[in-house]
Amino acid sequence: MAVANSELFYSEIEPPKPGQAVSLADELEWLRMPLPFMLGHINLWLLGTRDATTIVDTGLNSKETRELWMQLLDGRDVKSVIVTHMHPDHVGSAGWLVEQHDVPLHMSRAEYLMCRVLVADTGKDAPEAGVTFYRSAGFDEDALQRYKDKFGMFGRAVYTMPDAYRRIYEDDIFRIGDHEWRAVTTSGHCPEHVSLYDERRNMIIAGDQLLPTISSNVSVWPTEPDSDPLGHWISSCRKLKALLDDDTLVLPSHGKPFRGAPARLQALIDEHDDNLTGLQDLCRKPQRVVDTFELLFRSRINDGNLIMATGEARAHLNYLVDRDVLTVTRDDAGVDWFETRTRR
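In what follows, the accompanying structure is described.

Thresholds applied
- Sequence order sets the numbering: in each chain, residues are counted from 1 along the sequence as written.
- For a predicted model such as this one, the threshold for reporting local features is a pLDDT of at least 70, and the threshold for listing and counting side-chain atom pairs is 80 or more; totals across whole chains, interfaces and linings nevertheless cover every residue.
- Calculation of side-chain values draws on the structure's entire complement of heavy atoms; hydrogens and water are dropped beforehand.
- Paired strands are those between which DSSP finds at least two bridges.
- Counting from the N terminus, the helices are DSSP H or I runs at least four residues long and the strands are E runs at least two residues long.
- Every residue pair with non-hydrogen atoms within 4.5 Å of one another is taken to be in contact.
- Helix axes are fitted only over the stretch in contact, all axes being lines through C-alpha atoms; the angle between N-to-C directions runs from 0 to 180 degrees.
- In summary, the pairing rule links any two rings of Phe, Tyr or Trp, Trp by its six-membered ring, whose centres are within 6.5 Å, and it sorts them by plane angle into stacked for under 30 degrees, edge-to-face for over 60 and tilted for everything else.
- Each residue is assigned to one of three classes by its accessible area relative to the maximum for its type, calculated with a 1.4 Å probe on protein chains only: buried under 20%, partly exposed between the two thresholds, exposed over 50%.
- When a carboxyl oxygen of Asp or Glu lies within 4 Å of a side-chain nitrogen of Lys or Arg, that pair is called a salt bridge.
- Whenever a nitrogen or oxygen atom comes within 3.5 Å of another N or O atom, the pair is scored as a polar contact, on the condition that within protein one atom can donate a hydrogen and the other can accept it, and that pairs from neighbouring residues in sequence are kept only if both atoms are in side chains.

Our next topic: the sheet that holds strand β7 (residues 105-107). One open sheet accounts for 7 strands, arranged β2-β3-β4-β5-β6-β7-β8; its pairing is mixed. In this open sheet, the two edge strands, each paired with only one partner strand, are β2 (22-25) and β8 (166-167). Helix-sheet contacts for helix α3 (residues 94-101) involve β5 (52-56), β6 (78-82) and β7, and the interaxial angle to β6 is about 160°.

Given below as structure tokens:
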């Protein structure tokens, strides 16, 4: 979902080209890796000095990414790799970098373990629980077959994960060079996302938790069909809003560094609140998950984004069911129908 915000102030530094590292502050460099889908890039970060470099996020597992890393890291002594969360554009090359430089991988426990689980699905047949989940959303047989055909693709973009890692806890301090970065954990976009906050310099490596122009995908997946990621996401936005101020330099995974975090976080909360209000009105007549797309996304959902759209729509509906605003009933065909609860 796109959310414009006129109260943001962007860094005037030009984004780095592939294979280039741009200095943003003392012992902080910004680089980008290409992505073969709509976002086009992911921002990555180098902390410390050339003699003691920490990598934050890694890009996809691909030949192009590895070649760029070899170019960027030539002459550097890498000491550790930190990954904000388990999505392939962030963790994809982590195992390769750890292997190449014989250094530890730092992740939160939920992100590391979930990544290992999803990678283990590579090459397997789609589970019946997944078919049931997407049938309940209103998928027809063609859409269900596409889900089955694409199942297990996650691991193809992730290099083999190391068998051991170092767990990141909330409020852990990374002392890197002359600076300290504190771990801030959030959830909703993923189970246990880690951002890194330098309180003294008032800057945060925000991963996908806080982006300048798009709202991160917040989805329900077949493994947890009744979960409430949107509730966790909104709580996480409020947590960051209490931590950051207008002058905090936000270093996002996509887009340009910016200031104006509180206004941006409130815009994200407001967008979801508006969608939740719209769903309550729409569901005065029973609706399937797929019937909510026009309201939530205001654009055409095609085969390529059907799974993510379904997950995000279900997240909104589950939020309202959990708060006793909607009821959900499964019919004889296995399809769920959501309806606004009549108040007496």
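There is more to say after this.
Right, let's get into the packing of aromatic side chains. Under the defined criterion, the tally for this structure stands at 8 aromatic pairs. Consider the rings of Y10 and F258, whose centres lie 6.4 Å apart with planes at 55°: the pair is tilted. Separated by 248 residues along the polypeptide, Y10 in strand β1 (residues 9-10) and F258 in strand β14 (residues 258-259) bring together distant segments of the chain. For Y10, a relative accessible area of 36% puts it in the partly exposed group. Ring centres of Y112 and Y165 lie 4.0 Å apart, and the angle between their planes is 15°; on these two criteria the pair is classed as stacked. One end of the pair, Y112, is in helix α4 (residues 109-120); the other, Y165, is in the loop between α6 (141-150) and β8, with 53 residues separating them in the sequence.

Turning our attention to the pattern of salt bridges. On inspection of all chains with the given rule, the structure shows 15 salt bridges. Between D336 and R314 there is a salt bridge, with the nearest N and O atoms lying 3.3 Å from each other. Note that D336 is positioned in strand β16 (residues 336-340) and R314 in helix α10 (residues 306-322), a separation of 22 residues in sequence. Neither D336 nor R314 differs from the other in exposure class; each is buried. Through salt bridges with shared partners, a single ionic network connects R314, R330 and D336.

With that settled, consider unusual backbone geometry. With a phi angle near 70°, D57 is a residue other than glycine that sits in the positive phi range. Its place among the elements puts D57 in the loop between β5 and α1 (63-72). Using a relative accessible area of 1% as the deciding quantity, one classes D57 as buried. Despite not being glycine, N202 has its phi angle at roughly 55°, a positive value.

We now examine the side chain of H193. With respect to the element layout, H193 can be found in strand β11 (residues 193-198). For H193, a relative accessible area of 0% translates into the label buried. Only 3.1 Å separates the side chain of H193 from the backbone nitrogen of D208, close enough to count as a polar contact. Once you skip the residues sitting within four places of it in the chain, H193 turns out to touch T84, H85, E111, V184, T185, T186, A206, G207, D208 and Q209.

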